[in-house]
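One letter stands for each residue in the lines below.
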Amino acid sequence: MQAYVTQDDNLIGTLTVRETIGYSALLRLPDKMPRDDKRALVEGTIVEMGLQDCADTVIGNWHLRGVSGGEKRRVSIALELLMRPRLLFLDEPTSGLDSASAFSVIETLRTL
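Residues numbered from 1 in each chain as written. Predicted model: local features only at pLDDT ≥ 70, side-chain atom pairs only at ≥ 80, totals over all residues. Heavy atoms only, no water.

### Brief notes about the overall build of the protein chain
Here is step 1 of the chain: Within the protein chain, the regular secondary structure consists of 4 helices and 2 strands.
Here is step 2 of the chain: Ordered by position from the N terminus, the helices and strands of the protein chain form the series β-α-α-α-β-α.
Here is step 3 of the chain: Against the globule reference of 13 Å for 112 residues, the protein chain gives a C-alpha radius of gyration of 13 Å, in line with a compact fold.
Here is step 4 of the chain: Its C-alpha atoms put the protein chain at 40 × 30 × 20 Å along the principal axes.
Here is step 5 of the chain: The burial tally for the protein chain puts 40% of its 112 residues in the buried class.
Here is step 6 of the chain: Considering only contacts in the protein chain between residues 6 or more positions apart, those separated by 24 or more positions represent 72%.
Here is step 7 of the chain: Here the protein chain displays about 6,900 Å² of accessible surface, and carbon together with sulfur accounts for 52% of that area.
Here is step 8 of the chain: Taking the 13 positively charged and 16 negatively charged side chains of the protein chain as two groups, their mean positions are separated by 4 Å. (Helix = DSSP H or I, 4+ residues; strand = E, 2+ residues; numbered from the N terminus. Rg over C-alpha atoms; globule rule 2.2 N^0.38 Å. Buried < 20%, exposed > 50% of the residue type's maximum accessible area, 1.4 Å probe, protein only. Contact = heavy atoms within 4.5 Å. Areas by Shrake-Rupley, 256 points an atom, 1.4 Å probe, with all protein chains shown as cover. Lys, Arg positive; Asp, Glu negative; His and termini not counted. Charge placed at Lys NZ, Arg CZ, Asp CG, Glu CD.)

### Some thoughts on the pairing of strand E1 (residues 2–5)
Here is step 1 of the chain: Where burial is concerned, the two faces of E1 differ: the one with Ala-3 and Val-5 is buried and the one with Gln-2 and Tyr-4 is not.
Here is step 2 of the chain: Of the strand pairs in this sheet, E1 and strand E2 (residues 87–90) are connected by 4 bridges, and their pairing is parallel. Bridge pairing in E2 places Ala-3 opposite Leu-88. (Pairing = 2+ DSSP bridges.)

### Considerations on the environment of Ile-77
Here is step 1 of the chain: Tracing the chain through its elements places Ile-77 in helix H3 (residues 69–81).
Here is step 2 of the chain: Using a relative accessible area of 0% as the deciding quantity, one classes Ile-77 as buried.
Here is step 3 of the chain: Through-space distance from the C-alpha of Ile-77 to that of Val-5 is 6.1 Å; in sequence the pair is 72 residues apart.
Here is step 4 of the chain: Dropping the residues within four chain positions of it, Ile-77 is found in contact with Val-5, Met-49, Leu-88, Leu-90, Val-105 and Leu-109.

### Looking at the packing of helix H1 (residues 17–28) against helix H2 (residues 35–48)
Here is step 1 of the chain: At a minimum axis distance of 10 Å, the contact between H1 and H2 shows a crossing angle of 135°. Considering the angle they form, H1 stands oblique to H2. By crossing handedness, the relation of H1 to H2 is classed as right-handed. Side by side, H1 and H2 meet where Arg-18, Ile-21, Gly-22, Ala-25 and Leu-26 of the first sit next to Arg-35, Lys-38, Val-42, Glu-43 and Ile-46 of the second. (Axes fitted to C-alpha atoms, helices over the stretch in contact; angles between N-to-C directions. Parallel < 35°, antiparallel > 145°, perpendicular 65-115°, else oblique. Left-handed = near helix turned anticlockwise from the far one by under 90°.)

Structure below.
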């Protein structure tokens, strides 16, 4: 199985990072998978992507301040990693990010 992370972040700005990843898990993971296993996978993905410090912060949008651009990008990647793909395609994962955020995203990907 493969996954694709788009260049643009299509996230709901009023949800927190944990809620965003949690809702994705509920919608995309098999119905037969127990909810506790889904929650554990969500928490593991949050840690894996280095999002634990902002897990309860809203994503944000044009009128609501939220997480940084690098954190948004890592949330987008985390949404695809939930499905545990064997191959992950990323469309310009560092475009629009400052050098520190870009470095953080690439370091996270490298450790995966």
